[in-house]
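Remarks on the overall topology
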Amino acid sequence: MNAVISSLDRNYRLCDTRITDSEIILYITSTLEKLCCPYCGTMTGRVHSYHTREIQDLPISDRKTILIVTTRKMKCINPECRHSTF
Ligand SMILES: [Zn+2]
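This is a predicted model, so every value here is computed, not measured. Throughout, a residue's number is its position along its own chain's written sequence, starting from 1. Two thresholds apply to this predicted model, a pLDDT of at least 70 for residue-level local features and 80 or more for giving and counting side-chain atom pairs, whereas whole-chain, interface and lining totals are computed over all residues. Side-chain measures here rest on the full set of heavy atoms in the structure, leaving out hydrogens and waters.

**Let's talk about the coordination of the zinc ion**
Around the zinc ion, the protein supplies Cys-37 (SG), Cys-40 (SG), Cys-76 (SG) and Cys-81 (SG) as donor atoms, at distances of 2.3 to 2.4 Å. Along the chain, the residues that donate to the zinc ion are spaced as C-x2-C-x35-C-x4-C. You can see Cys-40 sitting in the loop between β3 (35-36) and β4 (43-44) and its partner Cys-81 sitting in the segment after β6 (63-74), a full 41 residues away along the chain. Only nitrogen, oxygen and sulfur atoms count as donors, using a 2.8 Å cut-off from the metal that widens to 3.2 Å for Na, K and Ca. Water is left out, so coordination shells may look unfilled. To qualify as a helix, a DSSP run of H or I must reach at least 4 residues; to qualify as a strand, a run of E must reach at least 2; elements of each kind are numbered from the N terminus.

**Focus on a nonpolar patch on the surface**
Like charges are joined within 9 Å and nonpolar side chains (Val, Leu, Ile, Met, Phe, Trp, Tyr) within 5 Å, but only among residues with over 30% relative accessible area and no salt bridge; these make up the patches. What sets the accessible areas is the Shrake-Rupley method with a 1.4 Å probe; for residues, cover comes only from the shown protein chains. Whenever Lys or Arg places a side-chain nitrogen within 4 Å of a carboxyl oxygen from Asp or Glu, that contact is recorded as a salt bridge. A grouping of Met-1, Val-4, Leu-8 and Ile-60 is seen on the molecular surface, where their side chains present a nonpolar patch of about 390 Å² in accessible area. Each residue gets one of three labels from its accessible area relative to the maximum for its type: buried under 20%, exposed over 50%, partly exposed in between, using a 1.4 Å probe on protein chains only. For Ile-60, a relative accessible area of 36% gives the class partly exposed.

**Structural notes on the confidence of the model for the chain**
For every residue, the predictor assigns a confidence score, pLDDT, that lies between 0 and 100. Of the residues in the chain, 100% reach a pLDDT of 70 or more, and the chain-wide mean stands at 93. At the level of individual helices and strands, the chain shows its lowest average pLDDT in helix α1 (residues 2-8), which scores 73, and its highest in β4, which scores 98.

Now the structure itself:
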């Protein structure tokens, strides 16, 4: 399944899977350690906070399919940037 996730977007990977009688839950996170601030272009690996988003996808074999995607809010390290987080 990780190959499927990576083929859809190589910047994401499958971390965990939980399968019950009624659901298939896929836990997905980014593979990128650093991101570029969209406001000033500075690369940063400093994480401000983590959030999860739940996305319901089409069912697989009559089981509800849910993607739990962990996203990060990053902190810009450029002291001259007008945006401290993105
Ligand atoms: Zn910035």
